[in-house]
Amino acid sequence: MFELLRSRTARNSGFNLLGLAIPLLVGLFLIPVTLHGLGVARFGLLSLSLTVLEYSTLFALGLGPATTKHVAEAIARREESTSDIIVMSMISHVVLGTVGGAVMALLAPVIVDHIFSVDANLRAEAIVVFRLIGVMVPATLLLLSLFGALEGASRFGLVNLLRVPISTLSFVIPAVGVTYGVGLPAILSTLVLLRLLTCGVLSLVVAATVPQHEWRWPRDWSRMRPLLSFGAWLSVSNIVSPTLVYADRFLLGHVRGLAALGIYSAPFDGVMRLLAVPGSLVRAMFPTLSALQSMSSRDQLRTLYRRAVSAVVLLLGAPVLILVLFGPFLLRLWLGEQVAAGAGAAVRILAVGLLFNAAALVPTTFIAAFGRPDLSAKFHLLELVIHLPLAWWLVLHYGITGAATAWTLRVTFDAALLFRAADKLLRGPAPLAIVMNGSPAPAS
């Protein structure tokens, strides 16, 4: 069984990597088109608005990964609760997303006037953009349920068959829009329609492919309790983690303006796209580990853990070294002299942090599969207290280079904490998850 699940993880990792690599290559070619078409300030506004959209997942209360975990366990035990889990997750995400989107739309003028340094000539456009992001929030959260259900069923081939065109269009639509002179609000409106269409398609796919699933009103709402219990600490991470990830951008936009943010955002996004490699592995591992925890020994899990960490380091070692040595030169070829001059040193610093951040995805996934998302959440709270004042000081004094330094220092510290915690869990004598009535106990 262990070998079967491990081979399934390898196959699903391949699907995930392919699904992320294709949009990445498209983005590498089209981001410069969008940057030059919109200009640095508007590209910074686009980047900032999409960053705020990612931050909106805090309204999901951790229910996306909880859906994946509990769907995987229900299918493994051949339970009839799969439909209840999926539908309750979807209803919860739509309600939470509607509330979050309404809040964001109402606060759009406050976001533009008091949080970010938006130029007066862009103010009206920026308010429209952030209101469109608010409209996009419910669909974004609903996608967490639908993709979570498919991943819980290990339908990674289908997930990526759908994810490739969706992610690719997210790059194509802005690039085509600026080529034909379409404004930023119209581009965002098209992206809203794309997400709504995606939700409809995924609903049909889930109904057709997830075992024991049928569209019906949930019969047993008590299934919400384990979802919320698992998601409770994940929701803390969902609130704190985006702040940690994007604090450098928010501070840079506030202290140095949208032009500096535009110069920093494109290379930051380009470097972070390399996280597609470890991301493809850990996303495939999560449902597998959820099934493995009750049927495998710690020796086997330790073996899988070591191999996963080694694979991440080996896969990213060469790209990171290339970025450290030739980052400014590659940036000049990709985005031009202005961006290379402003963010050349930052790319090298970000590359170092990337390796630590990528490797840390492995212990993060194991810790969640153990039923201990509280550990990652507590680490994030500790890091928040340290990171925000440090990032503010570094951005204030060193601008773009300071933002990259703050991010790299934070992810390095985070990796040290996560590796130590995962090592203790793997060496402990207790079972990987305390099971009560067939469900993991709530994290403490």
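Residues numbered from 1 in each chain as written. Predicted model: local features only at pLDDT ≥ 70, side-chain atom pairs only at ≥ 80, totals over all residues. Heavy atoms only, no water.

### A look at the environment of Gly 317
Structurally, the position occupied by Gly 317 is in helix H12 (residues 298-335). Gly 317 sits in the partly exposed class, given a relative accessible area of 28%. (Helix = DSSP H or I, 4+ residues; strand = E, 2+ residues; numbered from the N terminus. Buried < 20%, exposed > 50% of the residue type's maximum accessible area, 1.4 Å probe, protein only.)

### Description of helix H3 (residues 63-76)
The end-to-end C-alpha separation of H3 is 20 Å, in line with the 20 Å expected for 14 residues at 1.5 Å each. When you tally the buried positions in H3, you get 11 out of 14 residues, the bulk of the element. Residues Leu 63, Gly 64, Ala 66, Thr 67, Thr 68, Lys 69, His 70, Val 71, Ala 72, Glu 73 and Ala 74 constitute the buried set of H3. One or two residues past the end of H3 sits Arg 78, with phi positive at roughly 55 degrees. (Expected span 1.5 Å × (residues − 1).)

### Describing the packing of helix H2 (residues 40-55) against helix H10 (residues 258-272)
Direction vectors running N to C along H2 and H10 enclose 60 degrees, while the axes themselves pass 7 Å from each other. The pairing of H2 with H10 is recorded here as oblique in orientation. Every pair of crossing elements has a handedness; the one defined by H2 and H10 is left-handed. Side by side, H2 and H10 meet where Val 40, Ala 41, Phe 43, Gly 44, Leu 45, Ser 47 and Leu 48 of the first sit next to Leu 258, Ala 259, Leu 261, Gly 262, Ile 263, Ser 265, Ala 266 and Asp 269 of the second. The class makeup of the residues in the contact of H2 with H10 is 10 nonpolar, 4 polar and 1 charged. (Axes fitted to C-alpha atoms, helices over the stretch in contact; angles between N-to-C directions. Parallel < 35°, antiparallel > 145°, perpendicular 65-115°, else oblique. Left-handed = near helix turned anticlockwise from the far one by under 90°. Contact = heavy atoms within 4.5 Å. Nonpolar A, V, L, I, M, F, W, Y, C, P; charged D, E, K, R; others polar.)

### Some thoughts on the nonpolar core
Counting residues in hydrophobic clusters, the biggest one holds 95 residues, and the most contacted among them are Tyr 264, Leu 331, Leu 335, Val 362 and Phe 366. With 18 residues, helix H14 (residues 373-427) is the single largest residue contributor to this core. Not counting residues up to four positions away in its chain, the partners in contact with Leu 335 are Ile 31, Pro 32, Leu 35, His 36, Ala 266 and Pro 267. Counting 35 residues, the second largest nonpolar core, distinct from the first, contains Leu 45, Val 118, Ile 187 and Val 192. (Core = buried A, V, L, I, M, F, W, Y, C linked by side-chain atoms within 4.5 Å.)

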